[in-house]
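# Secondary and tertiary structure notes
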Amino acid sequence: MEKEEILKKIAELIGGETNISKVDFREKEIVVSLKDAGLADPDSVCKLEFAESCQLKRGRMTIALKEEYQEEKKMAKDYKVMAESIIENVGGKENVTFVTHCMTRLRMNVKDEKLVNDEAVKKVYGVLGSQFTAGQYQIIIGQDVPKLYDVMCEVGGFSKQDAIDENVDKKAFNIKDVPNNIMSALSGCLTPIIPVLMAAGMIKMIVAVCGPSMLNIIQEGSDIYNLLTFVGDAGFYFFPMLIAYTGAKKFGANTVISIMLAGVLLHPTLLSIVNEGTPFKVFGIPMSLVNYSSSVIPMVLITYVQAKVEGLLKKYVPTVLSTVFTPLLTVLIMLPLGLCLLGPLGSFIAVYLGKFLDWLYRIFGPVGIAVVAALWFPVVATGMHLPIVTLVLMNFATLGYDYLLSGAMTGIYAGAAVDLVFALKAKDPEDRQVGWSCLASQLLGGVGEPAIYGIYFRYKKCMLWCMIGAFFGGLYCGIMHVYMYTISASNILCAVCFAGGPSSANLINGIIGCVIAAVVAFVLAWVFGYEDKKAA
């Protein structure tokens, strides 16, 4: 039974849909906020086929669901139904060119946004919300999204390994789409490698904390020190290899050829030529001397153009010769394009993008970091965080650290503090349960969406206290020039992202910033409360 059918049956017994101010479909129950509780008939609601029990209290009706109707059970059975409904309402699998997912959302690129029935997608059982953001259609599912993603790839024929054919029915070029397309390309290449960055970053964090500059548990020059050092560095040094793989998947290029071209950029002979400053020509074309280790944009450009070159070659090379000559000609064409044009162009873009960000940092300084921190919650809520995360990943790849989100990390603790106050002060047992659940989700699971949608959007003061706490935590981090040296999960251990640098001062100041954010948010929420509820 779908959401709308359940709601329709309930509405008939509580004064109609016009008497409903809000409906909250939870895992094991449905909570309906009523405008006029006197119109509701809870006894009749209890007799509905899906209702285990029904309670009417202070204008809110809580309907406990029978086990077979509980979302947890239904989700386990209906991933295929969800996938089929989503695919149908986004215009069919032919309208989808790329599908991935993050912690809580399905993210897909579509050829024609007009074919997407957004309202119908939102009504699919298990969908929490949906929106177009940065050129992607994002569907909020929650922590079950990996399971749904696997089923969706199976149902829609979206291979998690092979790129979707984008050579048919493409949208007409529109200059307004260029920024979104660029961010979509970067995010599609960078998002899949976040696990590598987290693993490599945590290993580097272990070296920083346990090494000579801090705890001195691991001695410099020891085998374990050298092992962890070069393993942590490898995750960043071989960035072109990782981008070759993800870029090929994103743009539809031949994956192994892309990896080979990345190998060319990192080959010791080429690095030796660059380091010695020896002039070099590729088929007679002068090559710019660039070190591509830890680079991002060059391989993004190379895989994009490689996909176009391969598409042209497949059109003109006879099928009987294609197996041999398409890969060969692709490599021979991409060598001058990559080494003499695209690689240097990507390096140039990266350098001047870095200079632009440094200029912004010098202009706005700590206040800019604080503003980013304060706005991080609403930015995440609207799904607009991905472009910023893309820039952060590029900073890690090129600089080895990041300063854009150093303040925003303190906001995680501000949010946890507000969740704690909400759990402690909420008068309604159901709200207290929501508070503790959101607190656990943030501190243990590193997922903040339940609190954003379950508390902050319902009680605007909670969002305000989070933002103010994050602002002051971010301001301190900006003043003390705190950097992030690793990418960590957004849970209680998030502060380890500040471990690194020449001394322990960065980690200490980062922790102080987190404490400031948490204390400010906690005091504001405790003293001024969370009432003044938003209309739902």
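You'll find the structure just up there.
Residues numbered from 1 in each chain as written. Predicted model: local features only at pLDDT ≥ 70, side-chain atom pairs only at ≥ 80, totals over all residues. Heavy atoms only, no water.

What follows concerns the overall build of the chain. Across its full length, the chain holds 19 helices and 10 strands. Counting across all 536 residues of the chain, residues that qualify as buried make up 50%. Expressed as a percentage of contacts within the chain between residues at least 6 apart in sequence, the contacts between residues at least 24 apart total 68%. Carbon and sulfur atoms form 63% of the exposed surface of the chain, whose accessible area is close to 25100 Å². (Helix = DSSP H or I, 4+ residues; strand = E, 2+ residues; numbered from the N terminus. Buried < 20%, exposed > 50% of the residue type's maximum accessible area, 1.4 Å probe, protein only. Contact = heavy atoms within 4.5 Å. Areas by Shrake-Rupley, 256 points an atom, 1.4 Å probe, with all protein chains shown as cover.)

Let us look at the environment of Glu119. Note on placement: Glu119 falls in helix α4 (residues 118–122). Judged by relative accessible area, Glu119 falls into the partly exposed class, the value being 48%. As a C-alpha pair, Glu119 and Asn89 span 30 residues in sequence and 9.0 Å in three-dimensional space.

With that settled, the discussion passes to the sheet that holds strand β6 (residues 105–110). Reading across the sheet, the four strands line up as β5-β6-β8-β7 and stay open at both edges, with antiparallel pairing between neighbours. Edge positions in the sheet fall to β5 (96–101) and β7 (129–133), since each of these pairs with one other strand and no more. Along the sheet, successive strands turn relative to each other by an average axial angle of 20°, direction set aside. Looking at chain direction, β6 and strand β8 (residues 136–140) are connected through four bridges and run antiparallel. (Pairing = 2+ DSSP bridges. Axes fitted to C-alpha atoms, helices over the stretch in contact; angles between N-to-C directions.)

One open sheet holds the four strands; their spatial order is β1-β2-β4-β3, and the pairing between them is antiparallel. The open sheet has two edge strands, β1 (20–25) and β3 (51–57), and neither has a second partner. Neighbouring strand axes in the sheet, compared pairwise and without regard to direction, differ in orientation by 15° on average. Along the sheet, helix α1 (residues 3–11) contacts β1, β2 (29–34) and β4 (60–65); its crossing angle with β1, the most-contacted strand, is approximately 135°.

Before going further, it helps to spend a moment on the state of the cysteines. Evaluation of the coordinates by the stated rule reveals zero disulfides. Free cysteine Cys46: the closest other cysteine sulfur is in Cys54, separated by 4.5 Å. Overall, the relative accessible area of 16% leaves Cys54 in the buried class. (Disulfide = S-S within 2.5 Å.)

Its location among the elements puts Glu29 in strand β2. Relative accessible area serves as the criterion here: at 18%, Glu29 is assigned to the buried category. Apart from residues lying up to four places away in sequence, Glu29 is in contact with Asp24, Thr62, Ile63, Ala64 and Leu65.

Right, let's get into a nonpolar patch on the surface. A contiguous nonpolar patch, built from Leu424, Trp436, Ile511, Val515, Val519, Val523, Trp526, Val527 and Phe528 and spanning about 850 Å² of accessible area, is present on the exposed surface. The element that contributes the greatest number of residues to the nonpolar patch is helix α19 (residues 505–528), accounting for seven residues. Locating Leu424 in the fold gives a position in helix α15 (residues 410–425). (Patch = residues over 30% accessible without salt bridge, like charges linked within 9 Å, V, L, I, M, F, W, Y side chains within 5 Å. Salt bridge = Lys/Arg side-chain N within 4 Å of Asp/Glu carboxyl O.)

Membership of the largest hydrophobic core comes to 96 residues, with the highest contact counts inside it found for Phe239, Met409, Tyr456 and Phe498. Among the elements that line this core, the one with the most residues is helix α13 (residues 319–381), at 12 residues. Once residues within four sequence positions are removed from consideration, Tyr456 is found in contact with Phe377, Gly415, Val418, Asp419, Ala451, Cys462, Met463 and Cys466. In this structure, Ala83, Val99, Tyr137 and Phe158 belong to the second largest nonpolar core, which totals 25 residues. (Core = buried A, V, L, I, M, F, W, Y, C linked by side-chain atoms within 4.5 Å.)

For the pair helix α18 (residues 460–479) and α19, the least separation of the axes is 8 Å and the interaxial angle reads 155°. Between α18 and α19, the interaxial angle falls into the category roughly antiparallel. Judged by the twist between their axes, the crossing of α18 over α19 is right-handed. On the side of α18, the interface is formed by Lys461, Trp465, Ile468, Gly469, Ala470, Phe472, Gly473, Tyr476 and Cys477, while α19 contributes Asn509, Ile512, Gly513, Ile516, Ala517, Val520, Ala521, Leu524, Ala525 and Phe528. Residue composition of the contact of α18 with α19, grouped by class: 14 nonpolar, four polar and one charged. (Parallel < 35°, antiparallel > 145°, perpendicular 65-115°, else oblique. Left-handed = near helix turned anticlockwise from the far one by under 90°. Nonpolar A, V, L, I, M, F, W, Y, C, P; charged D, E, K, R; others polar.)

The buried fraction of β8 is high, at five of five residues. Here β8 shows a buried face lined by Gln136, Gln138 and Ile140 and a second buried face lined by Tyr137 and Ile139. Summarising the sheet, β7 and β8 pair through five bridges and their orientation is antiparallel. Counterpart to Ser130 in the pairing with β8 is Ile139.

Side chains that are three or four residues apart share a direction in an α-helix, a result of its 3.6 residues per turn. Between its terminal C-alpha atoms helix α9 (residues 239–251) stretches 17 Å, which fits the 18 Å expected from 13 residues at 1.5 Å a residue. Gly252 lies just past α9 and shows a positive phi near 85°. (Expected span 1.5 Å × (residues − 1).)

What follows deals with helix α12 (residues 297–316). Spanning 20 residues, α12 covers 29 Å between terminal C-alpha atoms, matching the ideal 28 Å at 1.5 Å per step. When we look at burial in α12, the residues that qualify are Ile297, Pro298, Met299, Val300, Ile302, Thr303, Gln306, Ala307, Val309, Glu310 and Leu313.

Moving on: the packing of α15 against α18. Relative to each other, α15 and α18 sit at 145°, their axes nearing to 8 Å. Handedness of the crossing formed by α15 with α18: right-handed. When α15 is examined against α18, the residues Thr410, Gly411, Ala414, Gly415, Val418 and Phe422 are found in contact with a partner set consisting of Cys462, Trp465, Cys466, Gly469, Ala470, Gly473, Gly474 and Cys477.

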